[in-house]
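Residue-level structural notes
Chain by chain, the residues:
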Amino acid sequence: MGVKLDGLKVWNDSGKERGGAGWIAVSPVVKAGQSHHEEKWFNIDTWKSWRLAFVLARLQRKVWEVNLTFKPADWNEDKLVEIDGEKVTPEALRRMAHQVAQSLRPGGLSWDLGALSGYGVAGSLEAP
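In this report, the structure presented in the accompanying data block is examined.

This next bit is on the packing of aromatic side chains. Across all of its chains, the model carries two aromatic pairs by this definition. Between the aromatic rings of Trp 23 and Phe 54, the centroid separation amounts to 4.9 Å while the plane-to-plane angle is 65°, which identifies the pairing as edge-to-face. Taken together, the positions of Trp 23 in strand S2 (residues 21-26) and Phe 54 in helix H2 (residues 50-67) put the pair 31 residues apart, joining distant regions of the chain. What makes Phe 54 buried here is its relative accessible area of 7%.

Set out below in structure tokens:
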């Protein structure tokens, strides 16, 4: 089974003066009072890898789906979300997304290779 790309798209305008490239997560609905879907952009220059930018964009999309009570394609009846073969609760998914984002920010938690490899990210979170 392949990876679903629903709600994800790629951009690459790196040939331009202020260009960039990466993955974009697109919200599944348009919020009231807005004329377009919310987007979150994950730049490969910021995250240092196409794979990490993709994983973060996919995770953002899943968080939006869970928060809106949509059933993602890999949603199952016991209310768990499956990510790369691992089943987690929506709350655990939100905590993991928050930890990953915090660990990769300057001055955030540092990371060390290992434990998140099951989530498509080669690293584990450790306090400095």
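Anyway, onward from the coordinates.
Quick look at unusual backbone geometry now. Positive phi, close to 70°, is recorded for Lys 48, a residue that is not glycine. Position of Lys 48 among the secondary structure elements: in the loop between helix H1 (44-47) and H2.

For the rest of this paragraph, the subject is H2. For H2, built from 18 residues, the straight-helix expectation of 26 Å at 1.5 Å per residue is met to within 8% by its first-to-last C-alpha distance of 26 Å. Burial of H2 is extensive: 14 of the 18 residues sit out of reach of the surface. Between the side-chain oxygen at the start of H2 and the backbone nitrogen of Arg 51 there is a gap of 3.2 Å, and the oxygen is on Ser 49.

So, how was this worked out
Residues numbered from 1 in each chain as written. Predicted model: local features only at pLDDT ≥ 70, side-chain atom pairs only at ≥ 80, totals over all residues. Heavy atoms only, no water. Phe/Tyr/Trp six-rings, centres within 6.5 Å; stacked < 30°, edge-to-face > 60°. Helix = DSSP H or I, 4+ residues; strand = E, 2+ residues; numbered from the N terminus. Buried < 20%, exposed > 50% of the residue type's maximum accessible area, 1.4 Å probe, protein only. Expected span 1.5 Å × (residues − 1). Polar contact = N/O pair within 3.5 Å; in protein donor to acceptor, adjacent residues only side chain to side chain.

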